[in-house]
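# Analysis of the macromolecular model
Single-letter residue listing:
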Amino acid sequence: MKQQWRTLNGKWIRRPIEDEVMEMIASERAAGHQLKVCIGTDSQVKGKETEFATVIVFIRKGKGGFMYILNESTMQKMTIKERMLQEVAKSIEVAYPLCNIFSRFSVDMEVHVDINTNPNFKSNDALKDAMGYIMGMGFAFKAKPDAFASSCCANKVVQ
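Report on the accompanying structure. On a predicted model such as this, the values are computed, not experimentally measured, just so you know.

### Examining the packing of aromatic side chains
- Taken as a whole, this structure holds four aromatic pairs when the rule is applied.
- Ring centres 6.2 Å apart and planes at 70° place the aromatic pair Phe58 and Phe102 in the edge-to-face group. Of this pair, Phe58 sits in strand β3 (residues 49-60) while Phe102 sits in helix α2 (residues 80-104); the two residues are 44 residues apart in sequence, bridging distant segments of the chain. Judged on exposure class, the residue Phe58 and its partner Phe102 are both buried.
- An angle of 85° between the planes, with centres 6.3 Å apart, marks the rings of Phe66 and Tyr68 as edge-to-face.
- The structure contains a cluster of three or more aromatic residues connected by ring pairs, namely Phe58, Phe66, Tyr68 and Phe102.
- Over the aromatic face of Phe52 sits the side chain of Lys90, whose NZ or CZ is 4.9 Å from the ring centroid.

As structure tokens, then:
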């Protein structure tokens, strides 16, 4: 299935996200912007369906930011831990093919997870697995409350 990315204002990206990101970074650099990127996924169970939103958030240091959004859904029933790890897998699935582009342009990247660091929350059961998976892939890792890409940006898309 072809991934259908869009911008926050609803403009559909009609080419591979790798091509879009490479051209956008070159354009941002030409405009003198220094970038940082954060990739995260959040999900929401809606009846029998689970909706996922993965975001690629670009921060222009000192000058705002913008993001690309990918929505997906499944009818598969999952435990909270399975759902949290599915969110992580979706983020890595996006980050991995883009990491060489980010390296080429010296853009720092973090993978954000919507998992609570407080053990009193159910999502915390997935924290160690998520951290190991992300850091094992060589990516910087952020969890709540520092994981704004997943817990704020992606969360707004699935609400």
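Having seen the model, we can carry on.
### Quick look at helix α1 (residues 17-30)
- The first and last C-alpha atoms of α1 sit 20 Å apart over 14 residues, in line with the 20 Å expected at 1.5 Å per residue.
- Buried residues of α1: Ile17, Glu20, Val21, Met24, Ile25 and Glu28, and no others. Projection of α1 onto a plane perpendicular to its axis shows the buried side chains occupying an angular sector of 125°, all on one side.
- Contacts from the buried residues of α1 go to β1 (5-7), β2 (35-46), β3, β4 (65-74) and α2.
- Backbone geometry just downstream of α1 places Gly32 in the positive-phi region, at approximately 85°.

About the criteria used
- The residue numbers shown here count from 1 along each chain, following its written sequence.
- Only residues with pLDDT of at least 70 get local features here, since the model is predicted, and only at 80 or more are side-chain atom pairs given and counted; chain-wide, interface and lining totals rely on the full set of residues.
- As a convention, hydrogens and water are excluded, and side-chain values are obtained from all of the structure's heavy atoms.
- A pair of aromatic rings is counted whenever rings of Phe, Tyr or Trp (Trp by its six-membered ring) have centres within 6.5 Å, and the orientation is called stacked for planes under 30 degrees apart, edge-to-face for over 60 and tilted otherwise.
- Helix and strand labels come from DSSP, where a helix needs a run of H or I of at least four residues and a strand needs a run of E of at least two; each type is numbered from the N terminus.
- Categorising residues by exposure relies on relative accessible area from a 1.4 Å probe, with only protein chains included: less than 20% of the type maximum marks a residue as buried, more than 50% marks it as exposed, and the intermediate range marks it as partly exposed.
- Charge over a ring is defined by NZ of Lys or CZ of Arg lying within 6 Å of the ring centre and within 35 degrees of the ring normal.
- For a helix, the expected span equals 1.5 Å multiplied by the residue count minus one.
- As used here, the arc belongs to the directions running from the helix axis to the C-beta atoms.
- Contacts were defined at the residue level, with two residues in contact if any of their heavy atoms lie within 4.5 Å.

Everything listed here is a matter of coordinates, which is why it stays silent on function.
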